[in-house]
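Chain by chain, the residues:
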Amino acid sequence: MADWQLGEIEVTSILEQVAEFMTLEEFFDGFTPEMFEANKDWLLPNVVSPASGKIILPIQSYLVRTRHHTILIDTCVGCHKKFKWVPEWNDRRDDTYLRNLKAAGVDPAEIDYVFCTHLHVDHCGWNTQLEDGRFVPTFPNAKYIFSEPEYAAAAETNSIVFRESVLPVMEAKQAELVAMDFALDDNISLSPTPGHTAGHVAVEMASNGVLGAMSGDLMHSPLQCLYPALCPTVDLDPAMASATRQKFLEDHADRDKIVMTAHFPLPSVGRVVSQGDAFRFDYLET
Ligand SMILES: [Zn+2]
């Protein structure tokens, strides 16, 4: 049973973890106590932990089943991946993610395509898994779709994330580098949403006139619907990220289009609604 139905497309959240991250002041540049006071009624307890004051971030993939393809959008943090900056993401030994995928009725070998909105650790970790001491693609029959500028920027850094979760896919000849407006078919395409990273893309869905978009990290919290200029310190280009976010929110507001977010509180899926000069996010129940 899918969580959400978009025409003939079935969408299911595959959850890896829900973890506390940082305080809002640490996470967002320019977050003020006044912003917290004005919004604490709805921030607590789902967006911010009352005990620690830290933002609560789900980490999840979206499993998308069309008539033709079985697709994963983003692949969470994964196991055995080194990422010393976030303890909950470092060297995990927890196969919850693969078990949740199985529970949704899908074996890793059945995935036809993996799309990565961008190549940060929490979006590409399960791209690979450790086998006999080296990282190999977790989804042996999948083509992995990366936007070309995103791949180029990640390769340039040659970070541990790139070496563990991206390069082995390339070496296995399972990667396909595409333009930021690539279309797979009538159901699935990309739209350029740069700023958080250089080659960040959203994944667009369409079926029988029903539309959806997986927004990746162009926004991290429903707070940014209210304050689109609010940038996480992890945004590569804050000015571009703000402009992209503002445009995405304007383009999606008051439309019958379903937005699937990476990190908004569960169920993380809803619609953008205009509110005064800004926006709010109305959740859809599964
Ligand atoms: Zn993320």
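Refer to the structure above for everything that follows.
Residues numbered from 1 in each chain as written. Predicted model: local features only at pLDDT ≥ 70, side-chain atom pairs only at ≥ 80, totals over all residues. Heavy atoms only, no water.

J.: With reference to specific residues and values, describe unusual backbone geometry.
T.: Across the junction of Leu44 and Pro45, the peptide omega takes the value 0°, indicating a cis bond. Inspection of the secondary structure assignment puts Pro45 in the loop between helix 2 (33-43) and strand 4 (54-65). Pro267 follows Leu266 through a cis peptide bond whose omega is 10°. In this fold, Pro267 is placed in the loop between strand 15 (257-260) and strand 16 (269-275). If you check the backbone angles, Cys76 has positive phi at about 60° while not being a glycine. Its relative accessible area of 0% is what places Cys76 among the buried residues. Located in the positive-phi region is Asn158, a residue other than glycine, with phi close to 50°. The residue Asn158 is located in the loop between helix 5 (148-157) and helix 6 (160-165) in this model. A relative accessible area of 39% places Asn158 in the partly exposed class. (Helix = DSSP H or I, 4+ residues; strand = E, 2+ residues; numbered from the N terminus. Buried < 20%, exposed > 50% of the residue type's maximum accessible area, 1.4 Å probe, protein only.)

J.: Which residues make up the environment of Ile258, and what values do they have?
T.: Note that Ile258 resides in strand 15. Overall, Ile258 belongs to the buried group, its relative accessible area being 7%. For the pair Ile258 and Tyr283, spaced 25 residues apart in sequence, the C-alpha to C-alpha distance is 9.6 Å.

J.: Outline the pairing of strand 2 (residues 9-23), listing residues and values.
T.: As paired strands, strand 1 (residues 4-6) and strand 2 are joined by three bridges and run antiparallel to one another. Among the inter-strand pairings, Leu6 is bridged to a residue of strand 2, identified as Ile9. Connecting strand 1 to the next strand, strand 2, in antiparallel fashion are two residues, including Gly7 with a positive phi near 60°. As defined by bridge partners, strand 2 adjoins strand 4 across eleven bridges and the pair is classed as antiparallel. The residue bridging Glu20 from the neighbouring strand is Ile56, located in strand 4. (Pairing = 2+ DSSP bridges.)

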